[in-house]
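Structural characterization, general
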Amino acid sequence: MKAPRVTLDQWRTLQAVVDHGGFAQAAEVLHRSQSSVSYTVARMQDQLGVPLLRIDGRKAVLTEAGGVLLRRSRQLVKQASQLEDLAHHMEQGWEAEVRLVVDAAYPTARLVRALTAFMPQSRGCRVRLREEVLSGVEEVLLEGVADLAISGFSIPGYLGAELSDVEFVAVAHPEHALHRLNRELTFQDLESQLQVVIRDSGRQQPRDVGWLGAEQRWTVGSLATAATFVGSGLGFAWLPRHMIERELKEGTLKRLPLDQGGSRNPSFYLYSNKEKPLGPATQILIELLRTFDTAPLDAPFAAPEQA
C-alpha cells in the first residue's frame, strides 16, 4: 500500500486557514507561527502537485481542486479523530463491540428502540446483532460468541433478567378448512390438517415447541416464511401476535377458535456471558434493553438526537 504523502496535521492546517479566514488567524488558533502555517500549506501543494489556494487581494481563496480536496479531507480528519477517541475509550475499558444474540420471536421494535437510544452513548462501540431460533440462542451464548442473549428458555447455570412475555396465537387463512367448520375447535380437529412449524436453529439439542400433533408438518426456516405460508392458505401455525397484528386487523389471517391452547405466552429472559466481565457499554445496553422491553409496542417513539 502506498504511504500517503500528506499528513493529517497538514489537512487540519488547511482547514484552519479556510475556516478562520487566513494564515494569521489559523496560526493564532493552532498556536503556531504564521510562517509555519504558510510553509505547511505550501509544502502540501508541492506534495500533491495541485494548487489548493490562490491569493485574492489579502485573502487566501480555495481553488476548485482545493475545494474538492478540502471537502474530502474533513471526513478523513473526523474519522481519524473518532479512531483516536475509540482507542482512548478502549484504554479505559470501553468495549469496541457488543455481540447480541436474540430469539427471532422477540419484538424487533423493542430492539430498535433500545439500540437507537444506545447510539449516542456508544462512544463508537459497535453492536453485532444475530438472530437465532429456539435453542440456537442458548448455543451461541454457551459457545462464548455472544455477550448478551435474549431467549425464551431458561438456560441452566445462568441467571437471566426476566423480560416481557411474547404472545403466540394459533392462526390460519380465513378460508382455511378449520374456519369453515364454524365452531369451537379441538386438537383432534387439527390432527388431519397441515401444521407449519419453525425450525430450531440450534444444532446440538434442537427442540420442538408448541403442539405438534398434526399428521402433516412442514418445517420452515423463519417466522416470516411461516406467516407467508399460512397467509397463503397453506396450513396453520402458532405465530407471535406482534408479527401478524396487521394481518389480523386486515383479515388475511384469523385466529383459530380453539377450546384450549389457542394462545401461549412464553416469558423471555436477558442473559449475559458469565465468562466475560461486563464492560460499560454492555451495561448501558442491558439497561436500555430492559427499559424499552416494558414500553408498549405501539407507543410513539422519537429517536434521540446524536450527541
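Just so we're clear, the structure is a prediction, and the values are computed from it rather than from any experiment. (Residues numbered from 1 in each chain as written. Predicted model: local features only at pLDDT ≥ 70, side-chain atom pairs only at ≥ 80, totals over all residues. Heavy atoms only, no water.)

Scanning the protein from N- to C-terminus turns up 10 helices and 13 strands. A globule of 307 residues ought to have a C-alpha radius of gyration of about 19 Å, yet the protein, at 29 Å, is considerably larger. Each principal axis of the C-alpha distribution contributes one length, and for the protein these read about 90 × 45 × 40 Å. When burial is assessed residue by residue, the protein has 41% of its 307 residues classed as buried. Counting every atom, the protein has about 17,300 Å² of accessible surface; 50% of that belongs to carbon and sulfur. (Helix = DSSP H or I, 4+ residues; strand = E, 2+ residues; numbered from the N terminus. Rg over C-alpha atoms; globule rule 2.2 N^0.38 Å. Buried < 20%, exposed > 50% of the residue type's maximum accessible area, 1.4 Å probe, protein only. Areas by Shrake-Rupley, 256 points an atom, 1.4 Å probe, with all protein chains shown as cover.)

Looking now at the packing of aromatic side chains. Within this structure, the stated rule accounts for 5 aromatic pairs. Judged by centre distance (6.0 Å) and plane angle (45°), the rings of Tyr 106 and Phe 268 are tilted. Remark: Phe 268 occurs in strand β13 (residues 267–272) and Tyr 106 occurs in the loop between β3 (97–103) and α5 (108–118); sequence separation between them is 162 residues. A relative accessible area of 3% means that Phe 268 is categorised as buried. Between Phe 236 and Trp 238 the ring centres are 6.1 Å apart and the planes differ by 70°, which places this aromatic pair in the edge-to-face class. The pair formed by Phe 236 and Trp 238 is uniform in burial state, with each residue classed as buried. Linked through ring pairs, Tyr 158, Tyr 269 and Tyr 271 together constitute an aromatic cluster. Lys 274 extends its terminal NZ or CZ atom over the ring of Tyr 158, reaching a point 4.7 Å from the ring centre. (Phe/Tyr/Trp six-rings, centres within 6.5 Å; stacked < 30°, edge-to-face > 60°. Lys NZ or Arg CZ within 6 Å of the ring centre and 35° of its normal.)

Here the domain parsing of the protein yields domain 1 (8–92), domain 2 (97–165 + 267–293) and domain 3 (168–264). Here domain 1 and domain 3 have C-alpha centroids that lie 63 Å from each other. (Domains from an automatic or database assignment.)

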